[in-house]
Amino acid sequence: MTATTRRFVHIDEDDRSLSLQEDQAPAPGADELLIEVAAAGINRADLLQWKGLYPPPPDASPIMGLEVSGTVVACGEAVTEFQPGDKVCALTHGGGYASHAIAPQGQTMAVPAAFDLHEAAALPEALLTVWHNVFQRAGLKAGENVLIHGGASGIGTLGVGICKAMGATVFSTAGSDEKCRRVEALGASRVFNYREEDFVEELDALGLKGKISVILDMVGGDYIERNFEVAAPEARIVNIAFLRGFNADVNFLPMLLKRLTLTGSTLRAQSEAQKAQMMREIRAELFEHLNNGSIKVVIDREFPLAQAQKALEYMESGVHMGKILLRP
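How each quantity is defined
- Residues numbered from 1 in each chain as written.
- Predicted model: local features only at pLDDT ≥ 70, side-chain atom pairs only at ≥ 80, totals over all residues.
- Heavy atoms only, no water.
- Pairing = 2+ DSSP bridges.
- Helix = DSSP H or I, 4+ residues; strand = E, 2+ residues; numbered from the N terminus.
- Salt bridge = Lys/Arg side-chain N within 4 Å of Asp/Glu carboxyl O.
- Buried < 20%, exposed > 50% of the residue type's maximum accessible area, 1.4 Å probe, protein only.
- Axes fitted to C-alpha atoms, helices over the stretch in contact; angles between N-to-C directions.
- Parallel < 35°, antiparallel > 145°, perpendicular 65-115°, else oblique.
- Contact = heavy atoms within 4.5 Å.
- Nonpolar A, V, L, I, M, F, W, Y, C, P; charged D, E, K, R; others polar.
- Left-handed = near helix turned anticlockwise from the far one by under 90°.

Peer 1: Could you clarify how one ought to interpret the pairing of strand E1 (residues 5-11) in this entry?
Peer 2: Side chains on a regular strand alternate between the two faces of the sheet. The pairing of E1 with strand E2 (residues 18-24) spans seven bridges and is antiparallel. Note on E2: the bridge partner recorded for Phe8 is Gln21. Two successive antiparallel strands, E1 and E2, enclose a turn made up of six residues, where Arg16 displays a positive phi of approximately 65 degrees.

In structure tokens, the structure reads:
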């Protein structure tokens with residue numbers, strides 16, 4: 001492979017400032033692809049890494065960025081599914097905030113027909129997060145009711161569409177009336193403005209208190225006990241973040257009486273083999289829905305790579321809806 005210059009976002013360890021630097025792009029390993037990045041998705045894990053609160057695993061790239069879209073420029077000798085020139089999106093093991101990024105073959109998929117190359121950068125992290133937690137862990141089935149907290153987030157917006165496409169009835173929460181209406185347009189039957197409405201009371205008014213089979217929660221804190229209130233018998237509740245805090249005073253009696261399952265996960269800590277299995281299932285179960293446009297992404301804003309710090313500060317403000325992208 002001819003040496004390729006890579007531009008990437010560097011974190012200064014002293015003051016946490018970000019700057020663009022250059023080096024030589026890494027060569028792909030046997031089962032890896034080198035991708036010329038068209039866009040990179042921004043995730044909360046990146047924000048925590050920038051703040052020094054989420055150090056990358058020892059075997060990961062120190063460069064931020066967990067998902068990219070772009071064009072394959074080189075393949076390792078064991079790669080069989082892709083070739084140079086293919087348009088792909090992929091989950092990376094870090095390194096996405098760059099002009100070129102490495103991704104394992106098993107965590108890569110072709111860009112669906114309904115998506116342009118930049119939009120596809122919003123897919124990998126949210127796809128795998130929703131699939132693993134809602135379907136692999138919680139076992140959501142067609143005909144069940146699902147409640148997705150944080151419906152205006154990147155994970156939430158995509159999750160609503162995925163659950164709707166798979167035959168579930170979707171309810172959600174969001175932080176403004178405008179966001180609520182936009183999430184409903186993605187397929188949610190009803191979205192509750194958590195700044196003005198109590199989702200427990202609202203579900204009760206709809207006759208749905210005690211009838212929610214699956215809950216995807218990124219809020220935590222006092223939502224833990226309130227989720228128990230709306231959960232159906234045998235419901236499955238999955239926490240993927242705790243924005244309201246890891247500590248809460250919770251009455252766990254409803255968990256016993258309703259035989260609830262309370263679980264949680266993070267995506268980054270899972271093995272490459274586990275992520276590859278998620279991607280195989282996604283390609284088998286969801287790709288048709290992605291290809292025909294029945295599952296959509298919401299792109300809030302795009303920033304140039306040189307403005308990565310501004311993009312992260314924008315995410316931290318919480319005013320966005322959907323995904324924020326970086327473009328080299």
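Peer 1: Sorry if this is basic, but what is going on with the pattern of salt bridges here?
Peer 2: Opposite charge on two side chains allows them to pair when their charged atoms are near. With the rule as written, the count across this model stands at 15 salt bridges. Two residues, Glu81 and Arg283, come together in a salt bridge whose shortest N-O distance is 2.6 Å. Of this pair, Glu81 sits in the loop between strand E4 (67-75) and strand E5 (87-91) while Arg283 sits in helix H8 (residues 272-285); the two residues are 202 residues apart in sequence, bridging distant segments of the chain. Relative accessible area serves as the criterion here: at 45%, Glu81 is assigned to the partly exposed category. A salt bridge links Arg190 to Glu197; its shortest N-O distance comes to 3.1 Å. On the accessibility criterion, Arg190 (22% relative accessible area) is partly exposed. Beyond isolated ion pairs, a larger network of salt bridges with shared partners links Asp198, Asp222, Arg226 and Arg244.

Peer 1: Looking at this model, I keep getting lost on the packing of helix H2 (residues 124-137) against H8. Mind explaining?
Peer 2: Each pair of packed helices can be described by the angle between their axes along with the distance between the axes. Two elements in contact, H2 and H8, have axes whose closest approach is 10 Å; the angle formed by their N-to-C orientations is 85 degrees. Classed by the angle they form, the pair H2 and H8 counts as roughly perpendicular. On H8, the residues touching Leu127, Leu128, Trp131, His132 and Gln136 of H2 are Lys275, Gln277, Met278, Met279, Glu281, Ile282 and Glu285. Class assignment of the residues belonging to the contact of H2 with H8 gives a composition of six nonpolar, three polar and three charged.

Peer 1: Would you explain the packing of H2 against helix H3 (residues 154-165) in this entry?
Peer 2: Following both chains from N to C, one finds H2 and H3 inclined at 60 degrees, their axes separated by 9 Å at the closest point. Considering their axes alone, H2 and H3 lie oblique with respect to each other. Classified by chirality, the crossing of H3 by H2 is right-handed. Note on element contacts: H3 touches H2 through Gly154, Ile155, Leu158, Gly159, Ile162 and Cys163, opposite Ala126, Leu127, Thr129, Val130, Val134 and Phe135. In terms of residue class, the contact of H2 with H3 is made up of nine nonpolar, three polar and no charged.

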